[in-house]
Amino acid sequence: MSADEEFPAPEPSRRTDRTRWAAVTAVALALLFAGGAVTVASAEREEAPRTPASLSADAGFARDMAVHHQQAVEMSFIVRDRTQDEEVRRLAYDIANTQANQRGMMLGWLDLWGLPKVESGVEPMTWMGMGGSGDTGPLDGALMPGMATNAQLDELRKASGREAEVLYLKLMTEHHRGGVHMAEGCVQRCSVEIERGLAQGMVDAQKSEMLLMADMLRKRGA
């Protein structure tokens, strides 16, 4: 018996039916997956957040807190060079590192939204319904609640040892208090979920650091 007789080729009609069935199945699966992809894409478009307006709470918080954070970073670098106390230097490093990273996130969001990092003619905290500095201008560089004045920063630069530690802890406590107030405002007013989450994280972390700094001040008789 030949090989052809042992394994006969499929009949042409049966081969054609199989081919047709495979083709129909492939088309059906393709349409099914394509329909699913369209559905997912449509859902993603519907769930995607709208870009905040330039005068929104989202944009205002990102701008103002970026400025607020920048001063915290500056004060932390100053005290690092004015004391050898490891506890204060460690706290200063943590604050500088955390707030520099958060500042980068907020400025990145403004870039992503295509919004300016500075809104000309708009005073700080306007997004919270606060009047800002008004016609008198900022109080010696203190643009927002909790921020240190230029005179206080100069005093910190001149201090050393325990004096620098106590001054830094007092200034940073007030700085955190103002930052918490602003972050709570974003939790209430901001519409972008990830930004509200960051703001709530700031509230929790800075309240914890305020308790730590109060204890550090007591240790130093202040």
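Look above for the structure.
Residues numbered from 1 in each chain as written. Predicted model: local features only at pLDDT ≥ 70, side-chain atom pairs only at ≥ 80, totals over all residues. Heavy atoms only, no water.

Another point: the nonpolar core. If you look at the biggest cluster of nonpolar residues, it comprises 49 residues, and the most contacted ones within it are Phe61, Met75, Met106, Tyr168 and Met182. Those elements giving two or more residues to this core turn out to be α3 (57-80), α4 (86-113), α5 (150-158), α6 (161-189) and α7 (193-219). Those residues in contact with Phe61 that sit more than four places away from it in its chain are Ala66, Met106, Trp127, Met182, Ala183, Cys186, Cys190, Glu195, Ala199 and Met202. (Core = buried A, V, L, I, M, F, W, Y, C linked by side-chain atoms within 4.5 Å. Buried < 20%, exposed > 50% of the residue type's maximum accessible area, 1.4 Å probe, protein only. Helix = DSSP H or I, 4+ residues; strand = E, 2+ residues; numbered from the N terminus. Contact = heavy atoms within 4.5 Å.)

Here we come to the packing of α5 against α6. The geometry of α5 relative to α6 is characterised by a closest axis approach of 9 Å and an angle of 150 degrees between their N-to-C directions. In this view, α5 runs roughly antiparallel relative to α6, as classed from their interaxial angle. Here α5 runs over α6; the crossing is left-handed. Together, Gln152, Glu155 and Leu156 of α5 and Ala164, Leu167, Tyr168 and Leu171 of α6 make up the contact between the two elements. When grouped by side-chain class, the residues that make up the contact of α5 with α6 number 5 nonpolar, 1 polar and 1 charged. (Axes fitted to C-alpha atoms, helices over the stretch in contact; angles between N-to-C directions. Parallel < 35°, antiparallel > 145°, perpendicular 65-115°, else oblique. Left-handed = near helix turned anticlockwise from the far one by under 90°. Nonpolar A, V, L, I, M, F, W, Y, C, P; charged D, E, K, R; others polar.)

Running from amino to carboxyl end, α6 crosses α7 at an angle of 155 degrees, the nearest separation of the two axes being 8 Å. Compared by their axis directions, α6 and α7 come out roughly antiparallel. As α6 runs across α7, the sense of the crossing is left-handed. Taken together, the residues that form the contact of α6 with α7 break down as 14 nonpolar, 5 polar and 7 charged.

All quantities given are derived from atomic positions and should not be read as evidence of function.
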